[in-house]
Amino acid sequence: MIVLREGEQKIAVIRKHWIVIFSNAVVMAILAVVPIAALLYGNQLLGSWLQDNGVGITENNILFFSTGWVLFVWIMFVVMWTNYYLDIIVLTNKRIVDIEQFILFAKDEVTIPLNRIEDVKIEVKGILPTLLRYGNIQIQTAGTHRETIMNTMKNPEAIKMQIDALLQTVEESSL
Amino acid sequence: MVGISSVAPAEDEKWSIVYINMVTLILFLIEIAFFGIMSALFEYHWRNDGIDKKTAIIVRVWYYIVSAICLGIMVVAL
């Protein structure tokens, strides 16, 4: 994950809200089922026409293609889950590390030293985000990477409170 | 897998069956290769990217069980 520096302690590891993987799962389930339903319905409609024209597609063939498609969709879902699980924010007593996994073998890692943070803003917009308590966290810094946005984080208010507490500790230690 | 019919299929139909069986065999081999490559990629990530042991075991169990069921059905249907 990340290598801690001397005197650094890991405070929390935060992931995105479960709604992210849940919505992906729903989409993949629909993607898995709809072509199979279309294939079965199409075979019902065209079955006799295909037989009459010498195309011998059997039920075994349909089962084979359907299962092959389901396996493909399942593997794609596991890719999505791996990306979701590896998308994390690590809070330490010295910095915030935002690791964003795009696809397998493609990730972005942003390190924000706590003493460079100028402002922390949270955004919870909509009925579902309010009810399920997820939203975006925006961190403004003094560095080259001026703004870091973390989307669909669970309990952004609690994360902001944790960051504020860490910033206060950094401020007190520098006085 | 191979059905015994009392009526010999027409020549055209025979070729159609052979063609479809070839296509399914090739697709099966492609699917096996895809499954193998993706499994290797997953294992790399699950071992090296800091996923905790318990979660890694759970995801492995689910992934391999569902994949095995799908591949098993494909073999039977081939």
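Described in the following lines is the structure provided in the data block. (Residues numbered from 1 in each chain as written. Chains lettered and ligands numbered in written order. Predicted model: local features only at pLDDT ≥ 70, side-chain atom pairs only at ≥ 80, totals over all residues. Heavy atoms only, no water.)

Here we take up the pattern of salt bridges. All told, the structure shown has four salt bridges over all chains when counted by the stated rule. The partner of A:Asp164 in a salt bridge is A:Lys160, and the shortest N-O contact between them spans 3.2 Å. Linking A:Asp164 with A:Lys160, this pair stays in helix 4 (residues 156-174), spanning four residues, or about one helical turn. For A:Lys160, a relative accessible area of 23% puts it in the partly exposed group. Salt-bridge contacts for B:Arg60 lead to B:Glu43; the nearest nitrogen and oxygen are separated by 2.9 Å. Residue B:Arg60 is found in helix 2 (residues 53-77), and its partner B:Glu43 is found in helix 1 (residues 11-48); the two are separated by 17 residues along the sequence. Salt bridges sharing common partners tie together B:Glu43, B:Arg47 and B:Arg60. (Salt bridge = Lys/Arg side-chain N within 4 Å of Asp/Glu carboxyl O. Helix = DSSP H or I, 4+ residues; strand = E, 2+ residues; numbered from the N terminus. Buried < 20%, exposed > 50% of the residue type's maximum accessible area, 1.4 Å probe, protein only.)

To continue, consider the nonpolar core. One finds A:Trp81, B:Phe42, B:Trp46 and B:Tyr63 to be the most contacted residues of the largest nonpolar core, which totals 30 residues. Of all the secondary structure elements, the ones that give two or more residues to this core are helix 1 (19-52) and helix 2 (59-86) of chain A together with helix 1 and helix 2 of chain B. At twelve residues, the largest contribution of residues to this core is made by helix 2 of chain A. Residues A:Val110, A:Ile112, A:Met150 and A:Leu167 belong to the second largest nonpolar core, which totals 18 residues. (Core = buried A, V, L, I, M, F, W, Y, C linked by side-chain atoms within 4.5 Å.)

Attention now moves to the sheet that holds strand 1 (residues 10-15) of chain A. Residues and elements named next belong to chain A. Read from one edge of the open sheet, four strands run 1-2-3-4, paired in antiparallel fashion. For this open sheet the edge positions go to strand 1 and strand 4 (106-113), each flanked by a neighbour on one side alone. Averaged over all pairs of adjacent strands, the angle between strand axes in this sheet comes to 15°, irrespective of strand direction. Sheet topology places strand 1 next to strand 2 (residues 88-92); five bridges connect them, and they run antiparallel. The residue bridging Val-13 from the neighbouring strand is Val-90, located in strand 2. Where helix 4 meets the sheet, it contacts strand 1, strand 2 and strand 3 (95-103), and its direction lies at approximately 155° from that of strand 1. (Pairing = 2+ DSSP bridges. Axes fitted to C-alpha atoms, helices over the stretch in contact; angles between N-to-C directions. Contact = heavy atoms within 4.5 Å.)

Our focus in this paragraph is the packing of aromatic side chains. How two aromatic rings sit relative to each other is given by the distance of their centres and the angle of their planes. For the structure shown, the criterion picks out 14 aromatic pairs over all chains. Between A:Phe64 and A:Phe65, the aromatic rings sit 5.6 Å apart at their centres with planes inclined by 80°, giving edge-to-face as the arrangement. Note on A:Phe64: relative accessible area 2%, which makes it buried. With a centroid separation of 6.5 Å and an interplanar angle of 85°, the aromatic rings of B:Phe35 and B:Tyr64 are classed as edge-to-face. Pair noted here: B:Phe35 is in helix 1 and B:Tyr64 is in helix 2, with a separation of 29 residues, a long-range link. The exposure class of B:Phe35 is buried, given its relative accessible area of 15%. Note on B:Tyr64: relative accessible area 31%, which makes it partly exposed. Positioned above the aromatic ring of A:Tyr85 is the side chain of A:Arg15, whose terminal nitrogen or guanidinium carbon lies 3.6 Å from the ring centre. (Phe/Tyr/Trp six-rings, centres within 6.5 Å; stacked < 30°, edge-to-face > 60°. Lys NZ or Arg CZ within 6 Å of the ring centre and 35° of its normal.)

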